[in-house]
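# Structure at a glance
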Amino acid sequence: MTATDQTDWLPPALRGDPLLEAMLTAAEAARAVIVAGAATRSTLVWESKTALDYVSDVDRGAEHAIRAVLAERYPEAQIIGEEFSPDAVAGDALTFVVDPLDGTTNFLHGFPWYAVSIGVLTEGTLLAGVVHNAATNELFVARHDQGAWRRSAAGDAERLHVSGIASPSH
């Protein structure tokens, strides 16, 4: 599936958006690494970054895949990733912020709630975000001033809305 095919389900104003297309292509490349890694989960080598934070070759491979796509499309952009540049600070230039395997602990335990997360900002303003659940193929996309959208694994699309619940007691 090409990025253009991936954006066909979005509203017309977002179809063909170059930032979203790059982010969706990068997320799909990372998802391919993660799906391949899930097939060999029992033999993966992983290590602790902190007491409850883990990293594996799948995390690193997924970040490499994301960086390759984004650097090709936006060579001038800064890329801050959890595995290779976690202490970097975003400047004013176009900056992608990446968690290549958000939910590594879930991934390592086979619990299907882990995702590729990519955001992009410039001059401190968030422009867009993509979250791709690697296990279920559910996809979330948001664009500044354009709203947020969800595509189910079956391909059904829906616009997301802020909850009307004003208090946790309701």
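Residues numbered from 1 in each chain as written. Predicted model: local features only at pLDDT ≥ 70, side-chain atom pairs only at ≥ 80, totals over all residues. Heavy atoms only, no water.

## Thoughts on the pairing of strand 5 (residues 115-122)
Across the eight residues that make up strand 5, a large majority, seven, are buried. With six bridges connecting them, strand 4 (residues 95-102) and strand 5 associate as antiparallel partners. Residue pairing across strands places Val 97 opposite Gly 119, the latter belonging to strand 5. Two strands pair when backbone bridges link them, and strand 5 and strand 6 (residues 125-133) are joined in this way by eight bridges, in the antiparallel orientation. Each bridged residue has a counterpart across the sheet, and for Val 116 the counterpart in strand 6 is His 132. Counted between consecutive antiparallel strands, the loop separating strand 5 from strand 6 contains two residues, among which Glu 123 sits at a positive phi close to 50°. (Buried < 20%, exposed > 50% of the residue type's maximum accessible area, 1.4 Å probe, protein only. Helix = DSSP H or I, 4+ residues; strand = E, 2+ residues; numbered from the N terminus. Pairing = 2+ DSSP bridges.)

## Comments concerning the packing of aromatic side chains
This model, assessed by the stated rule, comprises two aromatic pairs. Relative to Phe 96, the ring of Tyr 74 has its centre 5.8 Å away and its plane inclined at 50°; by these criteria the two rings are tilted. Taken together, the positions of Tyr 74 in the loop between helix 3 (57-73) and strand 3 (78-81) and Phe 96 in strand 4 put the pair 22 residues apart, joining distant regions of the chain. Here Tyr 74 and Phe 96 have matching classes, each one buried. Between the aromatic rings of Phe 107 and Tyr 114, the centroid separation amounts to 5.1 Å while the plane-to-plane angle is 85°, which identifies the pairing as edge-to-face. Taken individually, Phe 107 and Tyr 114 each receive the classification buried, so the pair is uniform in this respect. (Phe/Tyr/Trp six-rings, centres within 6.5 Å; stacked < 30°, edge-to-face > 60°.)

## A word on helix 2 (residues 18-38)
Helix length check: helix 2 (21 residues) gives 30 Å between terminal C-alpha atoms against 30 Å at 1.5 Å per residue, within 8%. For helix 2, the full list of buried residues reads Leu 19, Leu 20, Glu 21, Ala 22, Met 23, Leu 24, Ala 26, Ala 27, Ala 30, Arg 31, Ile 34 and Gly 37. You can read the cap of helix 2 off the contacts: a side-chain oxygen lies 2.9 Å from the backbone nitrogen of Leu 19, and it is on Asp 17. (Expected span 1.5 Å × (residues − 1). Polar contact = N/O pair within 3.5 Å; in protein donor to acceptor, adjacent residues only side chain to side chain.)

## Overview of the nonpolar core
Counting residues in each nonpolar core, the largest one holds 38 residues, and the members touching the most others are Ile 34, Leu 70, Phe 96 and Ile 118. For this core, the secondary structure elements donating two or more residues are helix 2, helix 3, strand 4, helix 4 (104-109), strand 5, strand 6 and strand 7 (139-143). With nine residues, the top contributor of residues to this core is helix 2. Ile 34 has contacts with Val 58, Ala 62, Pro 100, Leu 101, Phe 107, Tyr 114, Val 116 and Ala 134, leaving out every residue within four places of it along the chain. (Core = buried A, V, L, I, M, F, W, Y, C linked by side-chain atoms within 4.5 Å. Contact = heavy atoms within 4.5 Å.)

## Here's the deal with the packing of helix 2 against helix 3
Orientation of helix 2 relative to helix 3, taken along the N-to-C sense of each, is 155°, at an axis distance of 8 Å. If you check the angle between helix 2 and helix 3, you find them roughly antiparallel. Considering only the axes of helix 2 and helix 3, their crossing is right-handed. The segment helix 2 lies against helix 3, with Glu 21, Ala 22, Met 23, Thr 25, Ala 26, Ala 29, Ala 30, Val 33, Ile 34 and Gly 37 engaging Val 58, Gly 61, Ala 62, Ala 65, Ile 66, Val 69, Leu 70 and Arg 73. When the residues that make up the contact of helix 2 with helix 3 are grouped by side-chain class, the tally is 13 nonpolar, three polar and two charged. (Axes fitted to C-alpha atoms, helices over the stretch in contact; angles between N-to-C directions. Parallel < 35°, antiparallel > 145°, perpendicular 65-115°, else oblique. Left-handed = near helix turned anticlockwise from the far one by under 90°. Nonpolar A, V, L, I, M, F, W, Y, C, P; charged D, E, K, R; others polar.)

## What to know about unusual backbone geometry
At Glu 123, a position not held by glycine, the phi torsion is positive, near 50°. With respect to the helices and strands, the residue Glu 123 is situated in the loop between strand 5 and strand 6. Relative accessible area serves as the criterion here: at 60%, Glu 123 is assigned to the exposed category. If you check the backbone angles, Asn 137 has positive phi at about 70° while not being a glycine. Note on placement: Asn 137 falls in the loop between strand 6 and strand 7. According to the relative accessible area criterion, Asn 137 is partly exposed, its value standing at 22%.

## Observations regarding the sheet that holds strand 4
The mixed open sheet is built from seven strands, whose spatial order is 3-4-5-6-7-8-9. The two strands at the open ends of the sheet, each matched to only one other strand, are strand 3 and strand 9 (157-160). Pairs of neighbouring strands in the sheet enclose a mean axial angle of 15°, with direction left out of account. Note that strand 8 (residues 147-151) and strand 9 share four bridges and pair antiparallel. The residue bridging Arg 150 from the neighbouring strand is Glu 158, located in strand 9. Against the sheet, helix 2 contacts strand 4, strand 5, strand 6 and strand 7, and its axis sits at roughly 30° relative to strand 6. Each of strand 3, strand 4 and strand 5 is contacted by helix 3, which is oriented at about 150° to strand 4, the strand it contacts most.

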